[in-house]
Amino acid sequence: MLTIKEFRKVQSLEEAYELNQKKTNRIIAGMLWMKMQTGNVNIAIDLSGLGLDTIEENDEEFSIGAMVTLRDLETNKSLNKYTNNAMREAMRHIVGVQFRNLATVGGSIFGRYGFSDVLTMFMALDSYVQLHHAGIVPMSEFAKMPYDNDVLVRIIVKKVPLKCAYLSHRQTKTDFPTLAVAVSHHHDKWQAVLGATPHRAVIIADENNLLNSDFNAENIEKFAEYVKDTVKTDSNIRGSALYRKHLAYVLVKRALLSIRGIDA
């Protein structure tokens, strides 16, 4: 059981940041994972009054507030058009619609969970987190950072030319993924992002430029094999390390073939 002593709806990010410096205080959002924990919270910090629940767009980028829900991401037409519906595919398997109507992108990203479809998807994009204290940090760097008491304000996705596909494998429809894969091409570089390995999502880049030299079936096969051989996997109740290696090969290959089919 989680016991909360005081609930505080903050009036500014600075207030939220100052309160969050005490270890006994916690920022709350959808509270879908937090409520499953056991412990005592002195002050529960609510960001819902700070206007962080919108997705804004201009010619250069998307700006996604920390309180935007996963359902908002799933149904946003502009984000899905930009990602060729990869955003929708990454979100739509997460538990159920009721859950996605409450779970926030800020909580999902800040948690940096190993099972996170959300982190896996955003790492495939030219994306950044805006932290109140540390400022703007590339998503790939943020994923490696240790947990701290900063406040995540928003996610920024740059509108660079993009090719992208997302696939995952689950034992049952609404379960955590056994493996999640996002394949993308931007800034003239192909990469595969693998989540639920079961560690935090990692990026495996096409260092040999196989796919840039010739985006054909042979090189797709070679890159999928390279990802399988390179990615570090381990075992848990959802699958063995060896099974995840096999899934990495299959899902990366399928994702690339789907992109090749669109380009054809």
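In this report, we go over the structure that sits alongside the text. (Residues numbered from 1 in each chain as written. Predicted model: local features only at pLDDT ≥ 70, side-chain atom pairs only at ≥ 80, totals over all residues. Heavy atoms only, no water.)

1. Remarks on the sheet that holds strand β2 (residues 26–28)
Strand pairing in a sheet relies on backbone hydrogen bonds, with the paired strands running either antiparallel or parallel.
Phase 1: With respect to topology, three strands assemble into an open sheet ordered β1-β3-β2, the strand pairing being parallel. Here the strands that pair on one side only, and so sit at the sheet edges, are β1 (2–9) and β2. For this sheet the average axis-to-axis angle between neighbouring strands, irrespective of direction, equals 40°.
Phase 2: Sheet contacts for helix α1 (residues 13–20): β1, β2 and β3 (39–46); angle to β3, the most-contacted strand, approximately 165°. (Pairing = 2+ DSSP bridges. Helix = DSSP H or I, 4+ residues; strand = E, 2+ residues; numbered from the N terminus. Axes fitted to C-alpha atoms, helices over the stretch in contact; angles between N-to-C directions. Contact = heavy atoms within 4.5 Å.)

2. Some points on the environment of L50
Phase 1: Within the element layout of this structure, L50 appears in the loop between β3 and β4 (55–57).
Phase 2: C-alpha separation for the pair L50 and G195, spaced 145 residues apart in sequence, amounts to 31 Å.
Phase 3: When residues no more than four places from it in sequence are discounted, the contact partners of L50 are V10, Q11, S12 and L13.

3. Structural notes on the packing of aromatic side chains
Phase 1: A complete count under the given rule lists six aromatic pairs for this structure.
Phase 2: Summarising the aromatic geometry, the rings of F115 and F176 are spaced 4.2 Å apart at their centres and angled 25° between planes, so their arrangement reads as stacked. Taken together, the residues F115 in the loop between α6 (105–111) and α7 (117–123) and F176 in the loop between β9 (163–170) and β10 (177–186) connect sequence positions 61 residues apart.
Phase 3: Residue classification places F176 among the partly exposed residues on the basis of a relative accessible area of 26%.
Phase 4: Positioned above the aromatic ring of F110 is the side chain of R112, whose terminal nitrogen or guanidinium carbon lies 5.0 Å from the ring centre.
Phase 5: The cationic tip of R112 hangs over the ring face of F142; the distance from NZ or CZ to the ring centre is 4.0 Å. (Phe/Tyr/Trp six-rings, centres within 6.5 Å; stacked < 30°, edge-to-face > 60°. Buried < 20%, exposed > 50% of the residue type's maximum accessible area, 1.4 Å probe, protein only. Lys NZ or Arg CZ within 6 Å of the ring centre and 35° of its normal.)

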